[in-house]
Amino acid sequence: MSDAPRLEPLPEDWQTALFVVAHPDDIEYGAAAAVARWTGQGKRVVYCMVTSGEAGIDGLHPDECGPLREAEEIASARAVGVDEVEFLRLPDGILEYGVALRGSIAEVVRRHRPDVALTINFRETFGGTNLNQADHIAVGRALLDAVRDAGNRWVFPEQLTDGLEPWGGVRAVWAGGSPDATHAVDVTDTFDAGVASLKEHRAYIEGLGWEGWDPEEFLDGILRGGGQGLGVTHAATFEVFPLGWG
Ligand SMILES: [Zn+2]
């Protein structure tokens, strides 16, 4: 029925992952079900939100919206076994790729010392003509650089105080939901946790005003597509950016 390309399973021989995204809810459109699988295996996953998504609800002032969306993300993370959620509180909607953003993310990488770093799709589109959002692109590009910056003691050296050391241990960056995905994670058993995590974004979903939009049906559609590529019911897809020369 489908001509979906074959996808490879993502490696699971790691212990700590750092998931860096622009907005509360970015992880919940598919990748969170993979996070639930990993935390179920005893792995540590840390979330870092670069903004608080405070510009995301048209009818709500950012001063009210930011704290609300932070609370929703914390609940959402908990639904998939994540209890470490950080907010960098950079300005929503107008993130700029550059040295400042790289530095902010490198500092987080140095503190958590992850084996792998994740983000969501940062290609120009989500496939076809569905344009990606500027903050997603800025964060993904900055993360690719920041995981290497973090390992170089002469880059952002002012961060290396109070025992903070360089960290060059990130083996790869994985971007969820990329149109160029080559890998996937079987989330058949953690699909429900993924749905629960998306449903925690109540104010945001309500603010979108999509009449009759059903989070379960929506995620089912996304993850079934990935499942076809992996030969399972549901799978979350990822594009892989290996680091180093190996
Ligand atoms: Zn977003």
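These remarks concern the structure in this document. Keep in mind the model is a prediction, meaning the values are calculated, not measured. (Residues numbered from 1 in each chain as written. Predicted model: local features only at pLDDT ≥ 70, side-chain atom pairs only at ≥ 80, totals over all residues. Heavy atoms only, no water.)

Right, let's get into the layout of surface pockets. A probe matching the size of a water molecule, rolled over the atoms, marks out where space remains unfilled. Taken as a whole, the largest pocket holds about 920 Å³ of empty space. Looking at the largest pocket, it is lined by 39 residues, and the ones nearest its centre are Tyr29, Phe126, Gly176, Gly177 and Ile222. With six residues, the top contributor of residues to the lining of the largest pocket is helix α7 (residues 215–230). (1 Å grid on protein atoms, 1.4 Å probe; cavity = no way out; pocket = protein on both sides within 12 Å on 5 of 7 lines; lining within 4 Å. Points joined across faces, edges and corners; volume = space filled by probe spheres on them. Helix = DSSP H or I, 4+ residues; strand = E, 2+ residues; numbered from the N terminus.)

This paragraph deals with the coordination of the zinc ion. The coordination sphere of the zinc ion, as far as protein atoms go, consists of His23 (ND1), Asp26 (OD) and His136 (NE2), spread over 2.0 to 2.1 Å. Between the donor residues of the zinc ion, the gaps in sequence give the motif H-x2-D-x109-H. One end of the pair, Asp26, is in the loop between β2 (16–21) and α1 (31–40); the other, His136, is in helix α4 (residues 134–149), and 110 residues separate them in sequence. This pair shows no difference in class: Asp26 is buried, exactly as His136 is. (Donors = N, O, S within 2.8 Å, 3.2 Å for Na, K, Ca; no water. Buried < 20%, exposed > 50% of the residue type's maximum accessible area, 1.4 Å probe, protein only.)

Before going further, it helps to spend a moment on the pattern of salt bridges. Per the counting criterion, the structure on display carries 13 salt bridges. Residue Arg123 is joined to Glu239 by a salt bridge in which the shortest nitrogen-to-oxygen separation is 2.4 Å. You can see Arg123 sitting in the loop between β5 (116–120) and α4 and its partner Glu239 sitting in strand β8 (residues 235–242), a full 116 residues away along the chain. Here Arg123 falls in the partly exposed class, since its relative accessible area comes to 33%. Residue Arg148 pairs with Asp145 through a salt bridge whose shortest N-O separation is 3.1 Å. Of this pair, Arg148 and Asp145 are both found in helix α4, three residues apart, which corresponds to roughly one turn of the helix. Of the residues examined, Arg148 reaches a relative accessible area of 49% and is grouped as partly exposed. One continuous salt-bridge network, built from bridges that share partners, spans Glu86, Glu107 and Arg111. (Salt bridge = Lys/Arg side-chain N within 4 Å of Asp/Glu carboxyl O.)

Right, let's get into the side chain of Glu70. Tracing the backbone shows Glu70 in helix α2 (residues 62–78). A polar atom in the side chain of Glu70 sits 2.8 Å from the side chain of Arg89. Beyond its immediate sequence surroundings of up to four residues, Glu70 is in contact with Ser52, Phe87 and Arg89. (Polar contact = N/O pair within 3.5 Å; in protein donor to acceptor, adjacent residues only side chain to side chain. Contact = heavy atoms within 4.5 Å.)

This part is about helix α5 (residues 191–199). Those residues of α5 lying buried are Phe191, Gly194, Val195, Ser197 and Leu198. The arc enclosing the buried residues of α5, seen along the axis, measures out at 160°, which places them on a common side. At its buried positions, α5 is contacted by α1, α2, α6 (202–208) and α7. (Arc of directions from axis to C-beta.)

In a regular helix each residue adds 1.5 Å, so 16 residues correspond to 22 Å; α4 covers 22 Å between its end C-alpha atoms and thus fits that length. Along α4, the sharpest change in direction is near 25° and occurs at Leu143. Of all the 16 residues making up α4, 13 are buried; the element is thus mostly covered by neighbouring parts of the structure. Taking the backbone nitrogen of Asp135 as reference, a side-chain oxygen 2.8 Å away marks Gln133 as the first, capping residue of α4. (Expected span 1.5 Å × (residues − 1). Bend = angle between axes of the 7 residues up to and from the residue.)

Another point: the packing of aromatic side chains. One pass over the full model with this rule turns up nine aromatic pairs. Directly above the aromatic system of Trp14 lies the positively charged group of Lys43, at a separation of 4.8 Å from the ring centroid. Positioned above the aromatic ring of Tyr204, the side-chain terminus of Arg69 is 3.9 Å from the ring centre. (Phe/Tyr/Trp six-rings, centres within 6.5 Å; stacked < 30°, edge-to-face > 60°. Lys NZ or Arg CZ within 6 Å of the ring centre and 35° of its normal.)

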